[in-house]
Amino acid sequence: MSKLGSLGARLHRGEVGYDFVGNRKIWYGISILITITAVLGLAVRGLNMGIEFQGGAVFTTPKHMTASVATAEGYAQSASGHDAVVQKLGDGSLRIQIAGIDTDKSDAIKDKLAKDLNVNTENINADLVGPSWGDQIASKAWQGLAIFMVLVVIYLAIAFEWRMAVAALVALVHDITITTGIYALVGFEVTPGTVIGLLTILGYSLYDTVVVFDSLKEQTKDITKQTRWTFSDIANRSINSTLMRSINTTVVALLPVAGLLFIGGGFLGAGMLNDISLSLFVGLAAGAYSSIFIATPLVADLKEREPQMKALKKRVLAKRAQAAAEGGPLEAETADDRYDDEPEDAAHAVVGPRNQPASRNRGRGRPSGKRR
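> Account for the packing of helix α2 (residues 24-44) against helix α7 (residues 162-186), naming residues and giving values.
Two elements in contact, α2 and α7, have axes separated by 8 Å at closest approach and are oriented at 45°. Viewed along their axes, α2 and α7 adopt a mutual orientation that is oblique. Like other packed secondary-structure pairs, α2 and α7 cross with a definite hand, here left-handed. Along the contact surface, α2 presents Ser31, Ile34, Thr35, Thr37, Ala38, Val39, Gly41 and Leu42, while α7 presents His174, Thr177, Ile178, Thr180, Gly181, Ala184 and Leu185. When grouped by side-chain class, the residues that make up the contact of α2 with α7 number 7 nonpolar, 8 polar and no charged.

> So, the packing of aromatic side chains: which residues are in play, and what are the values?
Two measures describe an aromatic ring pair: the distance that separates the ring centres and the angle between the ring planes. Summed over all chains, the structure comprises 4 aromatic pairs. When the centroid spacing of 4.3 Å and the interplanar angle of 45° are considered together, the rings of Trp27 and Phe293 count as tilted. With a gap of 266 residues between them, Trp27 in helix α2 and Phe293 in helix α11 (residues 271-303) connect regions that are remote in the sequence. As far as the burial class goes, Trp27 and Phe293 line up, both buried. Through successive ring pairs, a cluster of aromatic residues spans Phe20, Trp27, Tyr289 and Phe293. If you follow Arg237 out to its NZ or CZ, it ends over the ring of Trp229, 5.9 Å from the centre.

> Give a detailed account of a nonpolar patch on the surface, specifying residues and quantitative values.
Taken together, the side chains of Ile26, Ile30 and Ile34 make up a nonpolar region of the molecular surface, amounting to roughly 230 Å² of accessible area. Checked against the element boundaries, Ile34 lands in helix α2. On the accessibility criterion, Ile34 (36% relative accessible area) is partly exposed.

> Explain the side chain of Thr242 to me, using residue names and the numbers behind them.
With respect to the element layout, Thr242 can be found in the loop between α9 (231-241) and α10 (243-265). According to the relative accessible area criterion, Thr242 is buried, its value standing at 8%. Leaving out residues up to four positions away in the same chain, Thr242 has contacts with Val211, Val212 and Ser215.

> Hey, could you go over the packing of helix α8 (residues 192-219) against α9 for me, with residue numbers and the actual values?
Viewed as axis vectors pointing N to C, α8 and α9 meet at an angle of 135°, and their least axial separation amounts to 9 Å. With respect to their mutual orientation, α8 and α9 come out oblique. For the crossing formed where α8 meets α9, the hand is right-handed. From α8, Val212, Ser215, Leu216 and Gln219 reach across to α9, where they touch Phe231, Ile234, Ala235, Arg237, Ser238, Ile239 and Ser241. Residues that form the contact of α8 with α9 fall into these classes: 6 nonpolar, 4 polar and 1 charged.

> Tell me about a negative patch on the surface, and please be specific about residues and values.
Taken together, the side chains of Asp102, Asp104, Asp107 and Asp111 define an acidic patch exposed on the protein surface. Within the secondary structure layout, Asp107 lies in helix α5 (residues 106-117). Residue class for Asp107 comes out exposed when judged on its relative accessible area of 53%.

> How would you explain the nonpolar core if you had to name every residue and give the values?
Leu156, Phe213, Leu216, Phe231 and Val299 are the most contacted members of the largest nonpolar core, which totals 46 residues. Listed by contribution, the elements that provide at least two residues to this core are α6 (131-159), α7, α8, α9, α10, α11 and α12 (307-325). Considering each element in turn, this core owes the most residues, 10 residues, to α11. Beyond its immediate stretch of four places on either side in the chain, Val299 contacts Arg163, Met164, Ala167, Phe213, Leu216 and Phe231. Core analysis: the next-biggest nonpolar cluster, separate from the first, contains 17 residues, Phe59, Ala67, Leu94 and Ile98 among them.

> Can you tell me about α5, naming the residues and giving the values?
For α5, spanning 12 residues, the distance from its first C-alpha to its last is 16 Å, which sits close to the expected 16 Å at 1.5 Å a residue. Those residues of α5 that fall on the buried side of the exposure criterion are Ser106, Ile109, Lys110, Leu113, Ala114 and Leu117. Buried residues of α5, seen end-on, are gathered within an arc of 135° and therefore sit on one face of the element. Among the exposed residues of α5, those oriented more than 90 degrees off its buried face are Asp107, Ala108 and Lys115. Where α5 is buried, its residues contact β2 (56-60), α4 (69-80), β4 (94-99) and β5 (125-129). Asn118 sits one or two residues past α5 and shows a positive phi near 60°.

Quick notes on the rules
Residues numbered from 1 in each chain as written. Predicted model: local features only at pLDDT ≥ 70, side-chain atom pairs only at ≥ 80, totals over all residues. Heavy atoms only, no water. Axes fitted to C-alpha atoms, helices over the stretch in contact; angles between N-to-C directions. Helix = DSSP H or I, 4+ residues; strand = E, 2+ residues; numbered from the N terminus. Parallel < 35°, antiparallel > 145°, perpendicular 65-115°, else oblique. Left-handed = near helix turned anticlockwise from the far one by under 90°. Contact = heavy atoms within 4.5 Å. Nonpolar A, V, L, I, M, F, W, Y, C, P; charged D, E, K, R; others polar. Phe/Tyr/Trp six-rings, centres within 6.5 Å; stacked < 30°, edge-to-face > 60°. Buried < 20%, exposed > 50% of the residue type's maximum accessible area, 1.4 Å probe, protein only. Lys NZ or Arg CZ within 6 Å of the ring centre and 35° of its normal. Patch = residues over 30% accessible without salt bridge, like charges linked within 9 Å, V, L, I, M, F, W, Y side chains within 5 Å. Areas by Shrake-Rupley, 256 points an atom, 1.4 Å probe, with all protein chains shown as cover. Salt bridge = Lys/Arg side-chain N within 4 Å of Asp/Glu carboxyl O. Lys, Arg positive; Asp, Glu negative; His and termini not counted. Charge placed at Lys NZ, Arg CZ, Asp CG, Glu CD. Core = buried A, V, L, I, M, F, W, Y, C linked by side-chain atoms within 4.5 Å. Expected span 1.5 Å × (residues − 1). Arc of directions from axis to C-beta.

Here it is in structure tokens:
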């Protein structure tokens, strides 16, 4: 077995682990810092909305154009009076995108571009997008996002509990804010592909969160009937037991997305790949982070405020303090420890090793008597 696989197995059995919940304030602080940076990016730079949302025109030139991208940008700005985005496609043609222009001016802009680029006007294709259609697309995107959020909260509240629903919602908002903030800072154009990528990463983030929540729900059944662990202890164990699964899932998903972003978008110059792959790449990483460092620790914070969980924590800490004062070893947490049916005072009634050979257990096996 590889070292990574061995580590994953030991994490799942509870033999090793990191105190995510105990160090939650560190991760909360990091998330707040990243979120503030993203919000400042949105406030200062704003989002670079594509023509699908603003309206405008896209002109595509014939293949094998000799004009450079910078030259074509100058021609487009001179012809339209607006900023233009020019991309050189794989076949050598130019894609000239001009946002915020009236569609009735497109013919004049097309004629001017054809003259400057020294091509026939009929060889330039023009795709027009009206501003009303862009507003409609933006409205539908916001509606889809709102419906998704509402359904997520309802599902988690029914399947688990309202505290987990709140924690998952906070994690999703955290992922959306970071992703949109990165878009503002980088300056990538926001297109319908961006919206598709954003909704996709929310599903990935929710998947990782639900996996941890399901483990937490299973391990906290009848938690108040024992005095070994607090809710935070069990929450931390749930994160560690599913840690390798979350990491492996995220890495496998990030590899092809990284190929789209850095190879397809960076080297091949595919503009649409940039739009969708950046949202997927940032969102997947943020979703894995929030599932591990934000959602479950937040659930632990909310649960520890309950009176019964406060009482449980008090009993557990008192028992640990008593064991430390008596100089006895604290009980180690292993994967085989079960507390579902354990009464609160059961630990005091157990003396000696838990597993003894059957031949030494008095009152079991063959009745006492003379040997034959």
